[in-house]
Structures are given as structure tokens and as C-alpha cells.
Amino acid sequence: MTSAQWTLFCADLINSITAAINSYCKVTSFEQTTYTEYHNGRGASAELGEYLPRDRMFLMREQPVISVTSVSENTASETSAPSWTARIQRAAGIAANSADYAVLQRGTMTYINFFQNVPMLGSNNVQIIYVAGYAAASAELDAIRMIAQQIVSNYLAKYRALQEASAARTIGTKESADMFKVQVSDVMTPDIRSQLDNFKRMRCMGSAWR
């Protein structure tokens, strides 16, 4: 390979490994990132028109959550232009009885729980903007980088063996990238998958995800 081909090859390899790790762990990114999510309001789902605990709870899809920037509800009718009304988070300095929701944690999962102005029944009528991921210098992100380096080492060892086995044939950058399958057992080994399981997002099914 030329220097330019090697640079492109490394960039493709990093992107492939990043995508494979994120896919395996079911996350968008491990780094701190701002997300905008839309959830369905469930209204009061009890038979007597009362709010059940699940009606008040909204679970962010990306974890761990660092902070919640804003929560808004589209209060317009389905046939009107969206009208986003900001809801107030419980915090120091907020007047009594004025907070609409609190940011709470259950185990490692962060969620929003409404006290008042619970979102109405609707489709994508609750907007949540928040920051999730690990800090740049965190032990968790360092551990994930070390796992990625192990995958790179496994792949390069496999690639070198393939080159030695086919020395008479030139393998181009695109062709080698097409060969890269990060999920194969000799690249993403059971030991690596076991390490990644510590960072795998557990999908909580049910109404909190709607």
C-alpha cells in the first residue's frame, strides 16, 4: 500500500470497528452526545381516567444520561402546526408547585417522571433533549478504547496471515475493507464480547419506550 492507501485503510478500519462495537452494545455513541428524542404521550390510561405510574414515566433511550436539557410537549391538535410547550424540571430555586417533572434514576437507568401537566395521549408529542455518554477521561471510555485496540490487533493479525498466504496477489484497500467482518469469531472473540457486555445497553421494553 501507498501512504495514502494506508491512511484510508486505517480510517475505514476504525469506522468499521466503531460501528461494530456500537451495534453490538446497541448504542449510538459512547462519547458524550446531545440527543433529541420524541416519545408518545400515553395520557391517563387507567379505566377511571387516572394516571398510572407508567403514564408519568419516560425513559431515555441512550444511557448513561449526563443531563436533561429540556422537555417539551406538543400541545397543538393533530391537524395544526406543532406548538411546543416547555415543561419545568424540579430543581433548586424553582417555586413550589411549579415543577412538572423530575429526572430520576433507577439502578443505572435515568428517566423522567411527571408530577403535573402529564403529557396527553399522542404520537411523538413529547420532545426530550438530553446529553448521554461517558466523559472523555472516564475509566469506562478508556476501557472501551482498550477493547477496540484488541479488535484491531486481532484483525491486523488475521490480515497479515491472509497476506502471507496470498503473497502473489495484491489486495487493494477497498477489497481488504470488504473482507473485514468484525463479528467473526477470530476478530471479535468471546472474551472481547464478554468485556463489551459490561457496556451493552439493556433495552427496557414496554410503555416507557414508546
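## Quick look at the sheet that holds strand β5 (residues 101-106)
Part 1 of the reasoning: Reading across the sheet, the three strands line up as β2-β6-β5 and stay open at both edges, with antiparallel pairing between neighbours. At either margin of the open sheet sits one strand with a lone partner, and together these are β2 (57-59) and β5. The sheet shows a mean angle of 30° between the axes of neighbouring strands, taken without regard to direction.
Part 2 of the reasoning: With three bridges connecting them, β2 and strand β6 (residues 109-114) associate as antiparallel partners. Pairing of Met57 across the sheet is with Asn113, part of β6.

## Focus: the pairing of strand β3 (residues 65-74)
Part 1 of the reasoning: As judged from the seven bridges shared by β3 and strand β7 (residues 126-132), these two strands associate in the antiparallel manner. Its bridge partner being in β7, Val68 is matched across the sheet by Tyr130.
Part 2 of the reasoning: As paired strands, β3 and strand β4 (residues 84-87) are joined by four bridges and run antiparallel to one another. By the bridge assignment for β4, Val71 is matched with Arg87.

## Thoughts on the pattern of salt bridges
Two side chains bearing opposite charge may form a pair once their charged atoms approach each other closely.
Part 1 of the reasoning: Summed over the entire model, instances satisfying the criterion amount to four salt bridges.
Part 2 of the reasoning: In this structure, Glu37 engages Arg61 in a salt bridge whose closest nitrogen and oxygen atoms are separated by 3.7 Å. Highlighted residues: Glu37 in strand β1 (residues 33-39) and Arg61 in the loop between β2 and β3, separated in sequence by 24 residues.
Part 3 of the reasoning: Assessed through its relative accessible area of 22%, Arg61 is described here as partly exposed.

Analysis parameters
- Residues numbered from 1 in each chain as written.
- Predicted model: local features only at pLDDT ≥ 70, side-chain atom pairs only at ≥ 80, totals over all residues.
- Heavy atoms only, no water.
- Pairing = 2+ DSSP bridges.
- Helix = DSSP H or I, 4+ residues; strand = E, 2+ residues; numbered from the N terminus.
- Axes fitted to C-alpha atoms, helices over the stretch in contact; angles between N-to-C directions.
- Salt bridge = Lys/Arg side-chain N within 4 Å of Asp/Glu carboxyl O.
- Buried < 20%, exposed > 50% of the residue type's maximum accessible area, 1.4 Å probe, protein only.

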